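If you want the building blocks of each chain, they are given just below.
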Amino acid sequence: MNASEATLQQIERALRKAASKFPAGIEPLPLTDIFLQVKQESGELLIFDDDDTELTRCVVEEWIGNTSEAFYDEVQELLHGVLVDLKEVTENFNVLKPYNFVLMDEDKDLIADLYVVDDDTIVLSGALMAGLNDDLDKFWEELQKE
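In this text, all values refer to a predicted model and were calculated from it rather than measured experimentally.

1. Some remarks on the overall build of the chain
- Check the secondary structure of the chain and you find 4 helices and 6 strands.
- Taken from N to C terminus, the helices and strands of the chain fall in the order α-β-β-β-α-α-β-β-β-α.
- Considering the chain as a whole, with its 146 residues, one finds that 38% of them fall into the buried category.
- Within the structure as shown, the chain displays about 8,800 Å² of accessible surface, and the carbon and sulfur contribution to it stands at 48%.

2. Details of the pairing of strand β5 (residues 110-117)
- In the sheet, strand β4 (residues 99-104) pairs with β5 via 6 bridges, with the strands oriented antiparallel. Bridge pairing in β5 links Asn 100 to Val 116.
- The hairpin formed by β4 and β5 contains 5 residues between the paired strands, and Lys 108 there has a positive phi angle of roughly 65 degrees.

3. What to know about the confidence of the model for the chain
- Predicted confidence across the chain gives a mean pLDDT of 86, with 89% of residues reaching 70 or more.
- In the model of the chain, strand β6 (residues 122-123) stands out as the element of lowest mean pLDDT, 50, in contrast to strand β2 (residues 44-48), which has the highest, 96.

4. Focus: a nonpolar patch on the surface
- Residues Phe 139, Trp 140 and Leu 143 make up a contiguous nonpolar surface patch of roughly 350 Å² in combined accessible area.
- Here Trp 140 lies in helix α4 (residues 132-145).
- Under the relative-accessibility criterion, Trp 140 is labelled exposed at 51%.

5. Some thoughts on the pairing of strand β1 (residues 33-39)
- The element β1 is extensively covered by neighbouring structure, given that 6 of its 7 residues are classed as buried.
- Taken together, the 5 bridges between β1 and β4 define a ladder with parallel strand orientation. Among the inter-strand pairings, Phe 35 is bridged to a residue of β4, identified as Val 102.
- As paired elements, β1 and β2 share 5 bridges and run antiparallel to each other. Looking at the pairing, Lys 39 lines up with Glu 44 of β2.

Rules used throughout
- Starting from 1, residues in each chain are numbered consecutively following that chain's sequence as written.
- Only residues with pLDDT of 70 or above have their local features reported here, since the model is predicted, and side-chain atom pairs are shown and tallied only from 80 upward, although totals for entire chains, interfaces and linings are computed over all residues.
- Derived side-chain values reflect all non-hydrogen atoms in the structure, with water molecules and hydrogen atoms excluded from consideration.
- Strands are runs of DSSP state E lasting at least two residues, helices are runs of H or I lasting at least four, and both sets are numbered from the N terminus onward.
- Exposure is judged per residue with a 1.4 Å probe applied to protein chains only, and the accessible area is read against the type maximum: over 50% gives exposed, under 20% gives buried, and values in between give partly exposed.
- Residue exposure ignores everything except the shown protein chains as possible cover, and the areas themselves are Shrake-Rupley values with a 1.4 Å probe.
- A pair of strands counts as paired when DSSP detects no fewer than two bridges linking them.
- pLDDT expresses, on a scale from 0 to 100, how confident the predictor is about each individual residue.
- To count toward a patch, a residue needs a relative accessible area above 30% and no salt bridge. Like charges then connect within 9 Å, nonpolar side chains (Val, Leu, Ile, Met, Phe, Trp, Tyr) within 5 Å.
- Salt bridge, as used here: a side-chain nitrogen of Lys or Arg that lies within 4 Å of a carboxyl oxygen of Asp or Glu.

Written out as structure tokens, the structure is:
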């Protein structure tokens, strides 16, 4: 999905607005996840906290009426890129670490962990873990041969 500059700025503004709900200078809140819900038909991007409280919402006009079967895969890649580019905001929500940015569909079903923030470790995407089971199986087989 090729997003326009206006779309990228709109997503960044929504993330900054969500971050502003957790101002620095106070005790970090015991929140564990930030949920990004994307509605394919209406083009809405909603951001929630762990208590299902809406932090902000916006309508991404490029997404309205998008009927692509790969929509959520494309949005996942786009949102992940914005979260990485905006890491000075995404890594500094005033909540206890670790916390995740999670993508949900219209029915609030989990699609993917987009970005994990921890004091020592930052997992950028699930792609880093792709093939891990195969590698571990291969390693185990090699150990058994010896």
